[in-house]
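Residue-level listing of the chains:
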Amino acid sequence: MKIHQLSLFLENKPGRLSEPCQALASEGINILTLSLADTQQFGILRIIVRDWEKARDVLSKMGCVVNITEVVATEVEDRPGGLAEILKVIEAGGINIEYMYAFTFRYGDKAVLVFRFNDPDAALKVLQAKGINVIGPVELYERMRS
Amino acid sequence: MPDFKVENRILDEEETMPRAQMRALQLKRLQEVVARVANVPFYKAAFAREGITPEKIKSLDDLRRLPFTTKDDLRQNYPLGFLAVPRKEIARIHGSSGTTGKLTLVAYTREDRETWANLCARFLVGGGLKPEHLVHIAFGYGIFTGGFGLHYGVERVGAAVLPLASGNTARQIMLLQDLAPDVLVCTPSYALNIADYARNNGVEPSTFPLKYGHFGAEPWTEEMRLKIESELGITAFNNYGLSEVIGPGVSGECALQNGMHVQEDHFIVECLDPVTLEPVEDFAYGELVFTTLTKQAMPLLRYRTRDIAALDPRPCGCGRTTTRMSRVKGRSDDMLIIRGVNVFPSQIEEALLQVEGATPHYLIEVDRPGTLDQIAVKVEVLPGIFSDKMSDMQRLRDAIDRRIQAITGIHVKVELVAPQTIERSMGKAKRVVDNRNLNG
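Presented here is an overview of the structure given in this document. (Residues numbered from 1 in each chain as written. Chains lettered and ligands numbered in written order. Predicted model: local features only at pLDDT ≥ 70, side-chain atom pairs only at ≥ 80, totals over all residues.)

**A few points about the interface of chain B and chain A**
Reasoning step 1: Contact residues are listed per partner, giving 15 residues for chain B and 15 residues for chain A.
Reasoning step 2: Elements supplying a minimum of two residues to the side of chain B that touches chain A: α10 (390-408) and β19 (413-417) of chain B.
Reasoning step 3: Tallying contributions element by element places β19 of chain B first for the side of chain B that touches chain A, with three residues.
Reasoning step 4: A per-class count over the side of chain B that touches chain A returns ten nonpolar, two polar and three charged. (Contact = placed C-beta atoms within 7 Å. Helix = DSSP H or I, 4+ residues; strand = E, 2+ residues; numbered from the N terminus. Nonpolar A, V, L, I, M, F, W, Y, C, P; charged D, E, K, R; others polar.)

Written out as structure tokens, the structure reads:
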């Protein structure tokens, strides 16, 4: 049920973001969503792509430091309070969120969020026990196509 | 019984000479060398100024009456103004690697060349070299003394040489696998470079059949030794030399790896305060100053090396009686004075090697944006270090910062940079960029 996320170390200098994006583009790899954390000196780019193994190889070959992390994607009702309800469940389960970001696409009246938990397996159990729809990679990529 | 990592072998009886006998030999040779250089224009002028004649050297204490020789003196007498023999007696010319400016040249007679090979052979044998071994030399060959010095030292022992020189790391790794040399000779930073390159190309460096390594030509730390030993699965020995004095072979470690034995039958070593030029106490750090006792072509009196190290006069468990010198902690001219505090690049390296997840690939940048010195240390991020969590990265950066502060006493700005963005050295690593305009 977990999704592979690629993270890249980038120096905070002009051009450092476009280089990996260009490399993925020339291999026909589409970035489904991304998030960028930055400091004055460096940034961490996190991306989700369908063919993560190929993307990892492409980026490693160009000398990028690439890290693979497992993240969890969940559906969220796109209305006031939708996110708050999920966060309450996570909080009650004692699960720590390292960071989170969203997919750009919507599915019906639902948005899709990406969570990086300190313990993804424990988080999955908590979410599923509360009936929150966790989207696995197969379903996720299926939706992207439709 | 001392714990020998390799078989304890000693090449020459001079290495184990009783101290009184060594001092007598040194005095005799000092008197001879003072006579030999009396007609070298630089020394002739200095002797006339100070009223020195060879007859006035009556004890080793009289060494202190002799003039110093500096790198600058050698430059001013470029190319061969220090030659003490007729030019036709020159058998080889080498030079400094030019780390700190203009090239300086040194000449050797046939006898000097033989002496040099023997000095290198001494530390190679001390580190376990036997005639049946194959030695992979990845030092630069050329005017730099490293390649040829070790090359002839290995041949003197009767072992085989693989003279690969530095560079083309892929080929170095191929031959480390295919020819299975027993011993690796190069700079310590290049040894780590080879290990890195191998691993990045899917070869586990500790599987090379290497047994020992002899590393030198740049300062390195004990942590770096442990890293080289574990990465390459070898025993790593330190050796020291500088072209002006003779090249590698001035001193080298024995099987006990506990300080480098100075070849005192050929060199007198002094350890002086670099500012007052007074001797420091035993075991205290100071600038090493060498007088060459046996060199024919270009003997030097009291050559100021700018290398900061300490001397240990105690006899060693290996049986040698010669004075041992510590690792070179830094250079009196590489020493950075940051907000009044003396900082050596080797201290930064020591700190990095103590932080889990940091790499020894670094660059120190010194700036003075206003009136206050700022020092930034760029450290490469490797896959093993990198995390997708900002907090982990900041924790690493803070850990490096704290470690450097603990060792140097100053706060530096630690910058994490992408892999392979810091230039790799094939020879001596460039570790410091000083952007301060200290003359303006």
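**Some thoughts on the sheet that holds strand β17 (residues 362-367) of chain B**
Residue and element names in this part refer to chain B.
Reasoning step 1: Within the open sheet, the four strands sit side by side as β19-β18-β17-β20. Their pairing is mixed. Strands at the two margins of the open sheet, each flanked by one partner only, are β19 and β20 (432-434). For this sheet the average axis-to-axis angle between neighbouring strands, irrespective of direction, equals 20°.
Reasoning step 2: Bridge analysis of β17 against β20 gives three bridges, and the strand direction is parallel. The partner of Val-366 across the bridge, within β20, is Asp-434.
Reasoning step 3: With respect to the sheet, helix α9 (residues 345-354) is in contact with β17, β18 (374-380) and β20, its orientation differing from that of β17 by roughly 130°. (Pairing = 2+ DSSP bridges. Axes fitted to C-alpha atoms, helices over the stretch in contact; angles between N-to-C directions.)

**So, unusual backbone geometry**
Residues and elements named next belong to chain B.
Reasoning step 1: Looking along the chain, the bond that leaves Tyr-78 and enters Pro-79 is cis, with omega of 0°.
Reasoning step 2: Mapped onto the elements, Pro-79 comes out in the loop between α3 (71-76) and β1 (92-95).
Reasoning step 3: Notably, Arg-302 is not glycine yet its phi reads approximately 45°, a positive angle.
Reasoning step 4: If you trace the backbone, Arg-302 turns up in the loop between β11 (285-292) and β12 (303-312).
Reasoning step 5: For Arg-302, a count of 19 C-beta atoms within 10 Å translates into the label partly exposed.
Reasoning step 6: A positive phi angle, near 70°, is found at Arg-306, a position not held by glycine.
Reasoning step 7: In this fold, Arg-306 is placed in strand β12. (Buried ≥ 20, exposed ≤ 12 C-beta atoms within 10 Å, placed from the backbone.)

Coordinates in, geometry out; function isn't part of it.
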